[in-house]
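Letter by letter, the chains look like this.
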Amino acid sequence: MLRFHWLPSLEDTLPPFLIGLLEFALIDLTHPSLAGPWLFVLAMVFTTAVFTSHTISRRARSDPANDYFFSQQDSAAPTDYRESGITIASLVLLGTLLWVFPHAYWLASLALLVTLTGMSYQYLEARRFWLHSIKDASSIENDHSSSE
């Protein structure tokens, strides 16, 4: 989101604090016997991050300064959130199972693998969009400098 221009609102300033509080909760819940609640809190972090990203992107799309990026991107559709929804649902399901079966260590290992996979996917998606925005911005600057 740092790449875009938009007028921040109060709604944009609260999520970083909420995510920070949830991260402190994750630290507090770091114990093998609390894997279920830990996964619930992590699902809340993912949900907050996806919602915040969508909200800010929607506002940034309306600012003409961001046309270099959004003119080549379709508006978000429900299918664009499929992977995030699957990740969040998986975390909630695994968290529930680990809460019910706290000594299923194989399940805890599977949950950590799912978590790592989901976080890696989110990182790669953020990287892809960042590189896309840099490429488009630099190509626009090159176009402006060559036309002068």
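Residues numbered from 1 in each chain as written. Predicted model: local features only at pLDDT ≥ 70, side-chain atom pairs only at ≥ 80, totals over all residues. Heavy atoms only, no water.

Undergrad: In this structure, what is going on with helix α1 (residues 10-28)? I would like to understand it.
TA: Three- or four-residue spacings in an α-helix give side chains the same orientation, since the helix completes a turn every 3.6 residues. For α1, built from 19 residues, the straight-helix expectation of 27 Å at 1.5 Å per residue is met to within 8% by its first-to-last C-alpha distance of 28 Å. Here α1 has its buried residues at Asp12, Pro15, Ile19, Gly20, Leu22 and Leu26. The arc that holds the buried residues of α1, viewed along the axis, is 165°, so those residues lie on one side. Along α1, exposed side chains directed more than 90 degrees from the buried face belong to Leu10, Phe17, Leu21, Phe24, Ile27 and Asp28. On its buried face, α1 is in contact with α2 (35-61). (Helix = DSSP H or I, 4+ residues; strand = E, 2+ residues; numbered from the N terminus. Expected span 1.5 Å × (residues − 1). Buried < 20%, exposed > 50% of the residue type's maximum accessible area, 1.4 Å probe, protein only. Arc of directions from axis to C-beta. Contact = heavy atoms within 4.5 Å.)

Undergrad: Please clarify how the side chain of Thr87 should be interpreted in this entry.
TA: Here Thr87 shows up in helix α4 (residues 82-100). One polar contact links the side chain of Thr87 to the main-chain carbonyl oxygen of Glu83, over a distance of 2.9 Å. When near neighbours in sequence (up to four residues on either side) are disregarded, Thr87 contacts Phe46 and Gly118. (Polar contact = N/O pair within 3.5 Å; in protein donor to acceptor, adjacent residues only side chain to side chain.)

Undergrad: It is not clear to me how the pattern of salt bridges should be interpreted in this structure. Could you clarify?
TA: Pairing is possible between side chains that carry opposite charge, provided their charged atoms lie close to one another. In this structure the tally under the stated criterion is 1 salt bridge. Linking Arg128 and Glu125 is a salt bridge whose minimum nitrogen-to-oxygen distance equals 2.9 Å. Of this pair, Arg128 and Glu125 both sit in helix α5 (residues 105-147), 3 residues apart, which is roughly one turn of the helix. Its relative accessible area of 21% is what places Glu125 among the partly exposed residues. (Salt bridge = Lys/Arg side-chain N within 4 Å of Asp/Glu carboxyl O.)

Undergrad: Honestly, a nonpolar patch on the surface in this entry has me stumped. Any pointers?
TA: A cluster of nonpolar side chains, Leu21, Phe24 and Ile27, forms an exposed patch at the surface whose accessible area comes to about 380 Å². Positionally, Ile27 belongs in helix α1. Residue classification places Ile27 among the exposed residues on the basis of a relative accessible area of 59%. (Patch = residues over 30% accessible without salt bridge, like charges linked within 9 Å, V, L, I, M, F, W, Y side chains within 5 Å. Areas by Shrake-Rupley, 256 points an atom, 1.4 Å probe, with all protein chains shown as cover.)

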